[in-house]
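Read off the chains here:
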Amino acid sequence: MKTETPQIVITRVCDAPRELVYRAFTDPDHLASWWGPIGNTIPRDEMEFDVRPGGFQRWTEVFAAQPELRVHIHVDLTDVVDGELLEGVFHVSGRLPEGIEPHATRLRVEFYDEADGRTRLEIRQWFPEHLAHHAEEGWRQAFTKLDALIIER
Amino acid sequence: MAGTDQLSAVFSALADPTRRGILAELATRDATVTELTAPLSISMPAVSRHLKVLERAELISRSRSGKWRASRLEAAPLREAAVWIERYRRFWDSSLSRLDAHLAAVQAAARATDRMAGDPKELA
């Protein structure tokens, strides 16, 4: 699974030191203030973080404009290297927006030092099982090609 | 299994971010060209051209009832995959922009605190 080509690869340089960017992902007070689209709120008392290999991160997202939605995120952390790496299975459940089914996707975030005290984030994400399942050999090649097209942009 | 030509049509259709966005929109409901144009910063004829490309690739079908022609997403594994990718790309785009703003705010606050702590010395 880990060795398979991820379907989403994002590289981004943040204007902040690595230690702070890592904290933005692993400290609940930090994460609550930036995670998700504009308009969502993450109630602090529903956040549970135990960041270590075999640990977890859990929170709920609510939306003032769509009170019927309640998105539960449970990340089961498989691999954690302090300040350098977070990898786990990202479970999405709850009362989700239309068209989005509960799913689990493997997610890997790497943190690297860049010049001038900046940090390079590398985010990799893999298809949930129900999509990967469709991927017979022909489609698998197709996905790889599709991937390449998306990354080139 | 789709033929090579069909697959090529699908790839060139999916290579364009606007067209992937249109597919993501159609994942939630059928929509007319007017409805699809509204949230975009491009003209209706341009959206029509994108719809033609998607139709040729058989990723969407278009019905004609009266003067309203609604586009419908056609079920296909690749289409489902493209919609999933597009959703998460949008999610990361907006989250990471917020992350940048958050990191800037946290560092500005830390610098302000440092300056305040340094003030007495500067005054002395």
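Residues numbered from 1 in each chain as written. Chains lettered and ligands numbered in written order. Predicted model: local features only at pLDDT ≥ 70, side-chain atom pairs only at ≥ 80, totals over all residues.

- As recorded in an unreviewed UniProt entry, chain B goes by the name Transcriptional regulator, listed as coming from Rhizocola hellebori.

- Chain A is annotated in an unreviewed UniProt entry as Activator of HSP90 ATPase of Rhizocola hellebori.

Some details on the pairing of strand β5 (residues 70–81) of chain A
All names here are of chain A.
Point 1. Judged from the 7 bridges that link them, strand β4 (residues 56–63) and β5 form a sheet pairing that is antiparallel. Residue pairing in the sheet places R58 in a bridge with H74 of β5.
Point 2. Between the end of β4 and the start of β5, which pair antiparallel, lie 6 residues. (Pairing = 2+ DSSP bridges. Helix = DSSP H or I, 4+ residues; strand = E, 2+ residues; numbered from the N terminus.)

Brief notes about the nonpolar core
Point 1. Judged by nonpolar contacts, the single largest core of 24 residues is most densely connected at L23(B), L54(B), L59(B), A81(B) and A82(B).
Point 2. Where this core is concerned, the elements lending two or more residues are α1 (4–14), α2 (17–26), α4 (44–56) and α5 (77–123) of chain B.
Point 3. A per-element tally of this core places α5(B) first, with 6 residues.
Point 4. Discounting chain neighbours no more than four positions away, the residues touching L59(B) are V10(B), A13(B), L23(B), L54(B), E74(B), A76(B) and R79(B).
Point 5. Judged by nonpolar contacts, the second largest core, of 12 residues, contains C14(A), A16(A), W34(A) and L99(B). (Core = buried A, V, L, I, M, F, W, Y, C linked by C-beta atoms within 7 Å. Buried ≥ 20, exposed ≤ 12 C-beta atoms within 10 Å, placed from the backbone. Contact = placed C-beta atoms within 7 Å.)

Describing the pairing of strand β7 (residues 103–114) of chain A
Residue and element names in this part refer to chain A.
Point 1. Looking at chain direction, strand β6 (residues 85–95) and β7 are connected through 8 bridges and run antiparallel. Paired with L86 across the strands is V109, a residue of β7.
Point 2. As judged from the 8 bridges shared by β7 and strand β8 (residues 118–125), these two strands associate in the antiparallel manner. Across the sheet, D113 pairs through a bridge with T119, a residue of β8.
Point 3. Taking the residues between adjacent antiparallel strands as the criterion, β7 and β8 are bridged by 3 residues, where D116 takes a positive phi near 60 degrees.

As for the interface of chain A and chain B
Point 1. Taken together, the contact pairs 32 residues of chain A with 29 residues of chain B.
Point 2. Elements represented by at least two residues in the side of chain A that touches chain B include exactly β1 (8–14), α1 (18–26), β8, α3 (129–134) and α4 (137–152) of chain A.
Point 3. Here the element with the most residues in the side of chain A that touches chain B is α4(A); it accounts for 8 residues.
Point 4. Looking at side-chain class alone, the side of chain A that touches chain B contains 20 nonpolar, 7 polar and 5 charged residues. (Nonpolar A, V, L, I, M, F, W, Y, C, P; charged D, E, K, R; others polar.)

Considering the packing of α2(B) against α4(B)
Relative orientation and spacing of two packed helices are given, respectively, by the angle between their axes and the distance between those axes.
Residues and elements named next belong to chain B.
Point 1. Orientation of α2 relative to α4, taken along the N-to-C sense of each, is 75 degrees, at an axis distance of 10 Å. Overall, the two elements α2 and α4 adopt an arrangement that is roughly perpendicular. Listed contacts from α4 to T18, R19 and I22 of α2 are H50, V53 and L54.
Point 2. Looking at the contact of α2 with α4, its residues break down into 3 nonpolar, 2 polar and 1 charged. (Axes fitted to C-alpha atoms, helices over the stretch in contact; angles between N-to-C directions. Parallel < 35°, antiparallel > 145°, perpendicular 65-115°, else oblique.)

Quick word on the environment of R12(A)
Point 1. Looking at the secondary structure, you find R12(A) in strand β1.
Point 2. When the C-alpha positions of R12(A) and R44(A) are compared, they lie 27 Å apart, and in sequence the two are 32 residues distant.
Point 3. When sequence neighbours within four positions are dropped, the list of residues in contact with R12(A) reads L121(A) and L96(B).

A few points about the sheet that holds strand β2 (residues 60–62) of chain B
Residue and element names in this part refer to chain B.
Point 1. Taken in spatial order, the 3 strands make up an open sheet running β1-β3-β2, and their pairing is antiparallel. Each having just a single partner strand, β1 (31–32) and β2 make up the two edges of the open sheet.
Point 2. Bridging between β2 and strand β3 (residues 70–73) involves 3 bridges; their strand directions are antiparallel. In the strand pairing of β3, I60 is matched with L73.
Point 3. Here α2 sits on the sheet in contact with β1, β2 and β3, set at roughly 90 degrees to β3.
Point 4. In the packing of α4 onto the sheet, the strands contacted are β2 and β3, and the crossing angle to β2 comes to about 115 degrees.

Some words on the environment of H102(B)
Point 1. Relative to the elements of secondary structure, H102(B) occurs in helix α5.
Point 2. Judged by the 20 C-beta atoms lying within 10 Å of it, H102(B) falls in the buried class.
Point 3. On a C-alpha basis, the gap between H102(B) and I22(B) in space is 30 Å, while along the polypeptide they are 80 residues apart.
Point 4. The residues contacting H102(B), other than those within four sequence positions of it, are A24(A), S33(A) and W34(A).

Points about unusual backbone geometry
Point 1. Positive phi, normally seen in glycine, also occurs at D116(A), with a value near 60 degrees.
Point 2. Accessibility expressed as a C-beta count within 10 Å gives 6 for D116(A), which makes it exposed.
Point 3. The phi dihedral of E58(B) is positive, around 60 degrees, even though this residue is not glycine.
Point 4. Structurally, the position occupied by E58(B) is in the loop between α4 and β2.

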